[in-house]
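Overview (structure and organization)
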Amino acid sequence: SIKKLYFVVMANMFNTPFEINRRYDLKGSWVGRQTPPDKYDSSVALKDVDFQHANECIRVGEERRAHLLKQLELDAHFLASQNIIDYSLLL
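Keep in mind it's a predicted model, so treat the numbers as computed, not measured. (Residues numbered from 1 in each chain as written. Predicted model: local features only at pLDDT ≥ 70, side-chain atom pairs only at ≥ 80, totals over all residues. Heavy atoms only, no water.)

**A short note on the packing of aromatic side chains**
Inspection of the entire model under this criterion finds one aromatic pair. With 5.0 Å between their ring centres and 90° between their planes, tyrosine 24 and phenylalanine 51 make a pair best called edge-to-face. On the criterion of sequence distance, the pair formed by tyrosine 24 in strand β1 (residues 23-26) and phenylalanine 51 in helix α1 (residues 48-53) is long-range, its members being 27 residues apart. Exposure class is identical for tyrosine 24 and phenylalanine 51. Each is buried. (Phe/Tyr/Trp six-rings, centres within 6.5 Å; stacked < 30°, edge-to-face > 60°. Helix = DSSP H or I, 4+ residues; strand = E, 2+ residues; numbered from the N terminus. Buried < 20%, exposed > 50% of the residue type's maximum accessible area, 1.4 Å probe, protein only.)

The structure is reproduced here in structure tokens:
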């Protein structure tokens, strides 16, 4: 039988003239979400535990925070309704 496979292609948000010192691929999980120290490099996306250990935070203001959280919630509900469980927030 033939099984349909759907995927989403997105623009590369890291294609920028600005220098990127750190990038994170956050999934909202701590299990297995730490980059080995020998893999640390500005071209490597760090993970959730790395974000926490670096005491990073996201400062966007109250209004943008509300919009961002609402969009994350909508995205998560949509993906769950499509039986898609992999979700990342790239910073």
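**Side note on unusual backbone geometry**
Phi at asparagine 55 takes a positive value of approximately 55°, unusual for a residue other than glycine. Note on placement: asparagine 55 falls in the loop between α1 and α2 (62-81). According to the relative accessible area criterion, asparagine 55 is exposed, its value standing at 68%.

**Side note on a nonpolar patch on the surface**
Together, Ile58, Val60, Leu68 and Leu91 give the surface a local cluster of nonpolar side chains, amounting to about 270 Å² of exposed area. Looking at where isoleucine 58 falls in the secondary structure, it is placed in the loop between α1 and α2. (Patch = residues over 30% accessible without salt bridge, like charges linked within 9 Å, V, L, I, M, F, W, Y side chains within 5 Å. Areas by Shrake-Rupley, 256 points an atom, 1.4 Å probe, with all protein chains shown as cover. Salt bridge = Lys/Arg side-chain N within 4 Å of Asp/Glu carboxyl O.)

**A closer look at the confidence of the model for the chain**
When pLDDT is averaged along the chain, the result is 85, and 98% of the positions lie at 70 or above. Confidence scores differ between elements of the chain, with strand β3 (residues 89-90) showing the lowest mean pLDDT of 82 and α1 the highest of 92. (pLDDT = per-residue confidence, 0-100.)

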